[in-house]
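# Summary of the model geometry
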Amino acid sequence: MNKKLALAEEFLEEGKLELKRYEATKKETSLWQACEKGWATAACALKVVNPKIRRHADFGKTATQLAKEYGNLDLMHGEACGEMLHRSGFYEHALDKEVVKEGLFSIESFLNLIDNILLNGKKEKT
């Protein structure tokens, strides 16, 4: 994985650990932290692609632009999934373990797409 994505990758691993911690302890705070680490993964990856991000809305705009440029809606969906984890999971505590688990899986796929763009500039179709 591209070195520039090291922090995003670290956040993803922390999210997975928090999810495992939740599964072992059922402590809700671990589930909420898994959500926030998922969002942090997506946010960090997007900031690597667009260091000019300053406002929260810029993350979605950047992902939409990437999806159009690379012809892959999964880039937009990955950011939206991160946003869901952030808002519904971390702030509203409205997500269950299965949704968080799938969210982290989607974020991991999103991170791999960003890595592919950074390494190859490869345009993939959905």
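Residues numbered from 1 in each chain as written. Predicted model: local features only at pLDDT ≥ 70, side-chain atom pairs only at ≥ 80, totals over all residues. Heavy atoms only, no water.

This part is about the side chain of Asp-115. Mapping Asp-115 onto the fold places it in helix α5 (residues 97-120). No salt bridge is formed by the buried Asp-115; its nearest oppositely charged neighbour, Lys-4, is found at 11 Å. Once residues lying within four places of it in the same chain are set aside, the contact partners of Asp-115 are Met-1, Asn-2 and Leu-5. (Helix = DSSP H or I, 4+ residues; strand = E, 2+ residues; numbered from the N terminus. Buried < 20%, exposed > 50% of the residue type's maximum accessible area, 1.4 Å probe, protein only. Lys, Arg positive; Asp, Glu negative; His and termini not counted. Salt bridge = Lys/Arg side-chain N within 4 Å of Asp/Glu carboxyl O. Contact = heavy atoms within 4.5 Å.)

In this section: the packing of aromatic side chains. Under the counting rule described, the total for this entry stands at 2 aromatic pairs. Geometrically, the ring pair formed by Trp-39 and Phe-59 is edge-to-face, given 5.2 Å between the ring centres and 80 degrees between the ring planes. Note that Trp-39 is positioned in helix α2 (residues 28-49) and Phe-59 in helix α3 (residues 57-70), a separation of 20 residues in sequence. The exposure class of Trp-39 is buried, given its relative accessible area of 7%. Centroid distance Phe-90 to Tyr-91: 5.1 Å. Interplanar angle 80 degrees. Geometry classified as edge-to-face. You can call Phe-90 partly exposed: its relative accessible area is 23%. In this structure, Lys-26 is placed above the aromatic ring of Tyr-22, and the distance from its NZ or CZ to the ring centre is 5.5 Å. (Phe/Tyr/Trp six-rings, centres within 6.5 Å; stacked < 30°, edge-to-face > 60°. Lys NZ or Arg CZ within 6 Å of the ring centre and 35° of its normal.)

Before going further, it helps to examine the packing of α2 against helix α4 (residues 74-91). Two numbers describe how α2 lies on α4: the axes approach to 8 Å, and their chain directions differ by 145 degrees. The hand of the α2/α4 crossing is left-handed. When α2 is examined against α4, the residues Trp-32, Gln-33, Cys-35, Glu-36, Gly-38, Trp-39 and Leu-46 are found in contact with a partner set consisting of Glu-79, Gly-82, Glu-83, Leu-85, His-86, Gly-89 and Phe-90. In the contact of α2 with α4, the residues fall into 6 nonpolar, 5 polar and 3 charged. (Axes fitted to C-alpha atoms, helices over the stretch in contact; angles between N-to-C directions. Left-handed = near helix turned anticlockwise from the far one by under 90°. Nonpolar A, V, L, I, M, F, W, Y, C, P; charged D, E, K, R; others polar.)

Turning our attention to the packing of α4 against α5. Relative placement of two packed helices is described by the angle separating their axes and the distance separating the axes. At a minimum axis separation of 9 Å, α4 and α5 run at an interaxial angle of 140 degrees. As summarised for this structure, α4 and α5 are arranged oblique, according to the angle between their axes. For α4 against α5, the interelement crossing comes out left-handed. Note on element contacts: α5 touches α4 through Val-99, Val-100, Gly-103, Leu-104, Ser-106, Ile-107, Phe-110, Leu-113, Ile-114 and Ile-117, opposite Asp-74, Leu-75, Gly-78, Glu-79, Cys-81, Gly-82, Met-84 and Leu-85. The residue makeup of the contact of α4 with α5, split by class, is 12 nonpolar, 4 polar and 2 charged. (Parallel < 35°, antiparallel > 145°, perpendicular 65-115°, else oblique.)

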